[in-house]
Amino acid sequence: MSAPGILFRRELALAWGGGGGPLLACGFFLCLTVLVPLAAGGDPAGLRPVAGSVAWLALALASILSLERLFERDYEDGSLDLITLGPAPLELVVLAKAAAQWLAVGVPLAAIAPVAAITLGLAPSLALLVALSALIGSLGFALTGALGAALALGSKRGGLLIAVVVLPLFIPPVVFGAGALERVANGLSPGPALALLAAYVLFAAVVTPFAGAAAIRNAQG
Amino acid sequence: MIAVTALTVSRGERVLFRDLSLTVAAGEAVALTGANGAGKTSLLRALAGFIRPDAGEIAFADAEPAEARARDIHWLGHLDGLKGARRAGDELDFQARWAGAGPDGIAAAVDVLALEPLLDLEVRKLSAGQRRRLAFARLIAAPRPLWLLDEPFAPLDVRWRAALGLLMQAHLDKGGGIIAAVHDPLPVPARPVDLGAGR
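(A) Expanded view of the interface of chain B and chain A. At the interface, 23 residues of chain B touch 19 residues of chain A. Sorting the residues of the side of chain B that touches chain A by element identifies helix H2 (65–71), strand E5 (73–76) and helix H3 (88–98) of chain B as the ones contributing at least two each.

(B) Local environment of the pairing of E5(B). Residues and elements named next belong to chain B. Of the two faces of E5, the one holding Ile73 and Trp75 and the one holding His74 and Leu76 are both buried throughout. Bridging between E5 and strand E6 (residues 146–150) involves four bridges; their strand directions are parallel. Within E6, the residue paired with Trp75 across the bridge is Leu148.

(C) Region of interest: the sheet that holds strand E3 (residues 29–33) of chain B. Residue and element names in this part refer to chain B. With parallel pairing, five strands are arranged side by side in an open sheet as E5-E6-E7-E3-E8. The open sheet has two edge strands with one neighbour each: E5 and strand E8 (191–194). On average, each strand axis in the sheet is tilted by 15 degrees relative to the strand beside it, whichever way the strands run. As judged from the four bridges shared by E3 and E8, these two strands associate in the parallel manner. Counted as the bridge partner of Val30 is Arg191 from E8.

(D) View of the sheet that holds strand E4 (residues 55–60) of chain B. Residues and elements named next belong to chain B. An order of E2-E1-E4 is seen for the three strands of this open sheet, with the pairing classed as antiparallel. Bordering the open sheet on either side are strand E2 (14–24) and E4, each of which pairs with just one other strand. Strand-to-strand twist of the sheet, defined as the mean angle between neighbouring strand axes without regard to direction, takes the value 25 degrees. Pairing analysis gives five bridges linking strand E1 (residues 2–11) to E4, with the strands arranged antiparallel. Along E4, the bridge assignment pairs Thr5 with Glu57. Lying over the sheet, helix H1 (residues 40–47) contacts E1, E2 and E4, oriented at roughly 125 degrees with respect to E1.

Reading guide: rules and limits
Residues numbered from 1 in each chain as written. Chains lettered and ligands numbered in written order. Predicted model: local features only at pLDDT ≥ 70, side-chain atom pairs only at ≥ 80, totals over all residues. Contact = placed C-beta atoms within 7 Å. Helix = DSSP H or I, 4+ residues; strand = E, 2+ residues; numbered from the N terminus. Buried ≥ 20, exposed ≤ 12 C-beta atoms within 10 Å, placed from the backbone. Pairing = 2+ DSSP bridges. Axes fitted to C-alpha atoms, helices over the stretch in contact; angles between N-to-C directions.

So, in structure tokens, the structure goes:
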């Protein structure tokens, strides 16, 4: 197996093993979508126009949950040192970890996103669009999330710091993703919003490996 | 196999050592000694490329540093790099394969270090000495010429110190090199390098 493949398999096993990270993220996601109607009062019809936006917000928050596991644990237990001395450059390591994060957490979240959105009152005909846009968006969340996790490496309150670093970076995909749903609701094509969402993912895919690797080298020194 | 010239390393404001020069030839072991805080670990981390030195040069025998570090160096720090929640066998498998080992190498390491009964256990259930043996297994499984060891024997009992000594001797006999930070003497003939009193 290729070197990134070895790491990728380990990352998937770590995400699924010991506490079931994906189930936790999905549970958190569903809790948030149940909480919002309760907080908004007894008028479900009033939520309908913002259902897509709320679903996207919940998706962004749920994507933060397991980011601390990504680099911080490896940094603390010394395995990040071993990984640095491996056959793959650190940039590829960051990319493999982000990809595994997406497959382990992002994809399950995208799969239940339509359920959450429809629960909030979104038209069921939009379910497929929600799933597709969430699939693209969660890849963006995994990439920028990996960058945030690398930047927060070695600080004492890592988990909280990651959330503060990463949430502002999550604004564009939330805006574009919710925008796609809103455009369809207004009878327009979701194309431009999805294109912007995909552009964000491509940008993150270019920046994250290099910036993330630099942040890790800095934390090790 | 590694030549260090005029190396200066500092942590924060404090200079740990200045103008340190050191060469390790094939088949040679170096024992780094010195008080706590003298910079033994920092020197090893600089050799492994984790710390950027303030001055000086680290050259490897037949490769650029980045290439040599990806291919020729084994690192055994005082942390074992093992995940508590995972099976010992899975952790060994990942660590050894990441370092370039094949199935045969892993099987040989399991055999030599008597790890068979531990492989199905969760890492958190292992003692510190067993964990160190598990971490050491990747050095046997994946042949890499230069071993950087930080207090390799600290958690081990007398029997396993002797056994690891034999494995280190075998590594030296095959033309490998070892740089180890130690407080007790190494069980193999080693050239001492003293980093001084620290602070």
